[in-house]
Structures are given as structure tokens and as C-alpha cells.
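Examination of the molecular architecture
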Amino acid sequence: MKEEKQQNISTKKPRFWRWTVASIIFRLILIYFPKNLNLATRPEVSTPVTSLRRLAEGYWLTQSLMSPYAGSMYHGSPLLLSVLGPLTMKKIEEQPFHLLCSLVSVIADFICAMLIRATGLKLRMTYCERLKLLGLGKLFEVSEILPSEDIAALVYLWNPFTIVTCVGFNTTPVENLFIILSLYGACIRVAPLAAFGWVIASHLSLYPAILIIPVILLLGNGPDATPRKLFLMCKKDEDDSSSKGRVEQNGLKELKSFSWKPVVLFFVWAFIWTLYVLVLCGIFMRNYGGLSEMFRRTYGFILTVKDLSPNIGVLWYFFAEVFEFFRNFFLIVFHVNILFMILPLAIRLKHRPCFLAFVYMAICSMLKPYPSVGDSALYLALLALFFNELAEMQFSFFLFCGYVGVSLLSPVMHNLWIWRGTGNANFYFATGMAYACFQIVLVVESVSAMLNHDRKIRKLVAAT
């Protein structure tokens, strides 16, 4: 049996790398057809916050000695202008612009997939160790067919949402990279790395700031595992002096303590990285209104939902129809709605911080003003890390068909409304509503399946 397992593992690794290289080659091939695909103008792919075309506009303004926020186009970070701006010096129609910007996205996707794979490996090893301490080591071995970390990485690389985002000339792959970098750093308990990823991700798109709770739980408790109270149900003989019994007791002692040292280090490094980012932004903006102008044109633009151009979300249509007198009230309602969900979910899923991060990102993708399919690509890859625990999840085929259907109908409805003139805004908004509904069902069913899995383990522990 051991020889067969070793042969299976040796055959899986080359297969994984073949599929990884194939995904990169497939992206490079699509780079040469940007005009035919026309993904940069798709509202499902590029948003007012992540569009590279808008970034090119902002960089052109800085080269003309004007503020990058002088127009109504660019609303991103000044740091992106410094890093990606020189790549946009050529005209958008010229090939070098496509190659250089798309190569950055391809590299970001590859690194992101490798970080997902490394995070999944750490999760799987920790989960196996916890099950062995509970005397349920065979449970994970029976349910595991393929390594979850490899599947999650391939799901991210071959997800059509990820591919169109990579080829669609936007900054979403870079933002996803720093989000995964933060989770990976927290998973291996390297506080400076976790703080760096969290600060940059929050600086670029604001909403990853709520991931501070999963990051703190990862640093304090370690990767996802079974609830700690299950270990109290394990009955051990007091007279057991065997080495195995001592190892299990030592493992249980380590599980009972919350480590505050990496958490404190995280806050110290988060303060240092935040100060460093603000200093760099302040230097860049010293002649363009300072940091106050940057905050107003970036975070203020996101929170006030000033751009009502159509996107895959639902807020653009709502605020286009609402009376101006009630606008501020509903802005508060929608933004506070995200905050209301943070604490209850953290209390219930505190033993699974990585899964909690998936839930937070899915909720933000539903309620943020300028969502894109790149947001879904990230949380779907994180969901794939838990395919063993979510094996009994209901409506999985229904959700798969729903995501495929929305992906096909959204461009059609947009074309009927904007170009054909045979439809109206309700056609396109209906696909956005369906997309939000499918995301809600996905979150509810995945959380339910995870809690049922924990109850199953609790029953098995009680039975032993």
C-alpha cells in the first residue's frame, strides 16, 4: 500500500506542473489577441478602480505635471503609478503595452497559485496532525483522493475568471497576490510577511482590511483545524507513560494556548509598513494635494460610489434609482452591512481562519461597489482548499451551472442593452442579481457543510 501511495504521489507532481505550464502558455497565447477579445472594456473584468487604461491616463497626467486625479479616470494608488505606470508609456494599441502589462499579470497569477499551493499544504498537514491526535487519522486519508493544495492552485490557474482577468489589462491579479501573501505569511506565522501583504492589499483595494481577523487567528491559533473543545472530549489514561501518550499530551498543551507574540509582532510590522506606504504616497503626492487628496480620490471614491457605470454588482443600479435625499443613508447601510457580519462569523468559525477569509472575501465580492470576476476567482480558489471537508456540500452542481450561466448571459445582456438597443438596463442588472444570489447560496451552503463536517468529527470523537 505504501509503495502504491508513493507512486501516486510521484505521478501527481509531474501532472501538476504540466497543467501549470500549460496554463501559463495558454495565457501567453491569449495575449496576442487583445483586440479580438476586447476584455479590457468589459465591465465584468475591469472596474473604475482596477482598469489599466485608467492607470495609463493617470500616469499620462503625471508626465504632464498634473495630478493623476485631476481627471475623473484614475482612482487607484500612487504606488501603482510608480510601478506599472512606465509600462503604459506606449500607446494602448501597440503590442509592447499588451506584452509588458500582461506579463506582469501572468507572473502575479503564477506566484499567487504557488502561494495558494503552499498554504494548502500547510493546512492539510496541520489538519492531518490534529486528526491523529483525536485518533481519527484514517478519516482524512480515506476521503483524500488528490492533494487539496494542487487542486486549489489549478482551480485558480484554469478558472476562466482568472484567465480573462489576467488578459483583461487590470490590476486585480496584483491585488489578489498580496491578499494570498498575507494569508500565507499568517499561516506559516511569519508576522512581517503577513503584515506586508495585508497592508499593501488594504492600501490597493480597501476591502481586504477586514481580513485582519483571519490573519490574527492564523497567527495566534495556527492553520485551520478541528475545534479545540473536541480535544477535551478525548479520554486518556492517567497512568499512561508511553511515548505516544506523552506526545499527544504535549500536543494538546500546545493547542490550548493562544500565542500573542506573533500577533503583537504583526501589529508592530503593520504599523511600520503602513507608515512606510504613507511616506511613499506623501512624497509622490507632495505637489498634487497631499495625502488628503489621495484618500478623497481613492477610498472616498470607493465608499461614496460616485461612478455608476454598469458592473457585475448590484449597487450601481440601486444608487442610480435611489433618491438623492436617501443616498447617504443607504451608503451607510450597505457598508455597515459588511461590518455586521464580521463578528458573528469570526465567533462561529474562529477555529477555521482560512475558511473564514474565504467567507469574508465572498461577502465583499457581493457588496462592494466595484466588483469584478477576479474577486470570484480568488475566493473560489480558497474554497477548493477545503474540498475534502465540503465533500457533502449541497447544490454544488446547481452552483456550477449558475456561475457558467451568468458568465455567458452577462455579455449577451450587456450587448443587447448597449450595442443592439433591443434591451434595457434591467436585462443586464438581472444577471448581476443572479450572480449575487449564487454567491449567497455558495456562502450559506459552504458554511453549513463545514459546520456539518465539524459535527461529524465531534460525533466520532464522542463515540470513541
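Residues numbered from 1 in each chain as written. Predicted model: local features only at pLDDT ≥ 70, side-chain atom pairs only at ≥ 80, totals over all residues. Heavy atoms only, no water.

**Notes on the overall build of the chain**
- On a plain count of helices and strands, the chain comes out with 22 helices and zero strands.
- When burial is assessed residue by residue, the chain has 53% of its 464 residues classed as buried.
- Counted over contacts in the chain with a minimum sequence separation of 6, partners at least 24 positions apart contribute 78%.
- Summed over its atoms, the accessible surface of the chain is roughly 22,500 Å², and 67% of this surface lies on carbon and sulfur atoms. (Helix = DSSP H or I, 4+ residues; strand = E, 2+ residues; numbered from the N terminus. Buried < 20%, exposed > 50% of the residue type's maximum accessible area, 1.4 Å probe, protein only. Contact = heavy atoms within 4.5 Å. Areas by Shrake-Rupley, 256 points an atom, 1.4 Å probe, with all protein chains shown as cover.)

**Some remarks on the environment of serine 82**
- Considering the arrangement of structural elements, one finds serine 82 in helix α4 (residues 78–84).
- The spatial distance from the C-alpha of serine 82 to the C-alpha of phenylalanine 284 is 8.6 Å, given a sequence separation of 202 residues.

**With respect to the nonpolar core**
- Within the largest apolar cluster, 120 residues are counted, with the highest numbers of intra-cluster contacts made by Phe355, Phe358, Val359, Met361, Tyr379 and Leu442.
- A per-element tally of this core places helix α19 (residues 353–367) first, with 13 residues.
- Apart from the residues within four sequence positions on either side, tyrosine 379 is in contact with Phe358, Met361, Ala362, Ser365, Tyr403, Tyr435, Gln439 and Leu442. (Core = buried A, V, L, I, M, F, W, Y, C linked by side-chain atoms within 4.5 Å.)

**Quick notes on the pattern of salt bridges**
- Scanning the model with the defined rule gives nine salt bridges in all.
- The salt bridge involving glutamate 293 is made with arginine 296; its shortest N-O contact spans 2.9 Å. A residue pair is termed a helical-turn pair when its members lie 3 or 4 positions apart in one helix, as glutamate 293 and arginine 296 do in helix α15 (residues 290–297) at three residues.
- The buried category is assigned to glutamate 293, whose relative accessible area is 15%.
- Between aspartate 454 and arginine 352 there is a salt bridge; the shortest N-O distance is 2.9 Å. Remark: arginine 352 occurs in the loop between α18 (327–348) and α19 and aspartate 454 occurs in helix α22 (residues 425–463); sequence separation between them is 102 residues. Each member of the pair, aspartate 454 together with arginine 352, is buried.
- Among the charged side chains, a salt-bridge network with shared partners connects Glu293, Arg296 and Arg297. (Salt bridge = Lys/Arg side-chain N within 4 Å of Asp/Glu carboxyl O.)

**A few points about the packing of helix α14 (residues 261–284) against α15**
- Following both chains from N to C, one finds α14 and α15 inclined at 100°, their axes separated by 8 Å at the closest point. Compared by their axis directions, α14 and α15 come out roughly perpendicular. Residues Leu278, Cys281 and Gly282 of α14 lie in contact with α15, whose contacting residues are Leu291, Met294 and Phe295.
- By residue class, the composition of the contact of α14 with α15 is five nonpolar, one polar and no charged. (Axes fitted to C-alpha atoms, helices over the stretch in contact; angles between N-to-C directions. Parallel < 35°, antiparallel > 145°, perpendicular 65-115°, else oblique. Nonpolar A, V, L, I, M, F, W, Y, C, P; charged D, E, K, R; others polar.)

**Focus: the packing of aromatic side chains**
- In the structure shown here, the tally under the stated rule is 31 aromatic pairs.
- Connected via pairs of aromatic rings, a cluster forms that spans Phe178, Phe196, Trp269, Trp273 and Tyr276. (Phe/Tyr/Trp six-rings, centres within 6.5 Å; stacked < 30°, edge-to-face > 60°.)

**Here we look at the UniProt feature "transmembrane region" (unreviewed entry) in the chain**
- Here the UniProt-annotated "transmembrane region" (unreviewed entry) positions come out as residues 16–33, 97–116, 206–223, 263–286, 298–319, 325–347, 398–419 and 425–451.
- Taken end to end, residues 398–419 is 100% helix and 0% strand, and its first and last C-alpha atoms sit 31 Å apart. (UniProt positions renumbered as here; feature names shortened; annotations may be inferred.)

**Observations regarding the packing of helix α8 (residues 160–167) against helix α20 (residues 373–384)**
- The geometry of α8 relative to α20 is characterised by a closest axis approach of 8 Å and an angle of 135° between their N-to-C directions. As far as their axial angle goes, α20 and α8 are oblique. As α8 packs across α20, the resulting crossing turns out to be left-handed. Between α8 and α20, the contacting residues are Phe161, Thr162, Val164 and Thr165 on the first element and Val373, Gly374, Ser376, Ala377 and Leu380 on the second.
- Residue composition of the contact of α8 with α20, grouped by class: five nonpolar, four polar and no charged. (Left-handed = near helix turned anticlockwise from the far one by under 90°.)

**As for a nonpolar patch on the surface**
- A cluster of nonpolar side chains, contributed by Trp260, Val264, Leu265, Val268, Trp269, Phe271, Ile272, Leu275, Tyr276, Val279, Leu280 and Ile283, occupies part of the molecular surface with about 1,100 Å² of accessible area.
- Here isoleucine 283 is to be found in helix α14.
- A relative accessible area of 46% places isoleucine 283 in the partly exposed class. (Patch = residues over 30% accessible without salt bridge, like charges linked within 9 Å, V, L, I, M, F, W, Y side chains within 5 Å.)

**Observations concerning the side chain of threonine 431**
- Position of threonine 431 relative to the elements: it lies in helix α22.
- Judged by relative accessible area, which is 7%, threonine 431 ranks as buried.
- A polar contact is formed between the side chain of threonine 431 and the backbone oxygen of tyrosine 428, at a distance of 2.5 Å.
- If sequence neighbours within four positions are ignored, threonine 431 has contacts with Val406, Leu409, Ser410 and Met413. (Polar contact = N/O pair within 3.5 Å; in protein donor to acceptor, adjacent residues only side chain to side chain.)

**Here we look at helix α9 (residues 172–187)**
- Taking 1.5 Å of rise per residue, 16 residues should cover 22 Å, and α9 covers 23 Å from first to last C-alpha, within 8% of that figure.
- In terms of burial, α9 is a largely internal element, 15 of the 16 residues being buried.
- Just beyond α9, the residue with positive phi is arginine 189, at close to 60°. (Expected span 1.5 Å × (residues − 1).)

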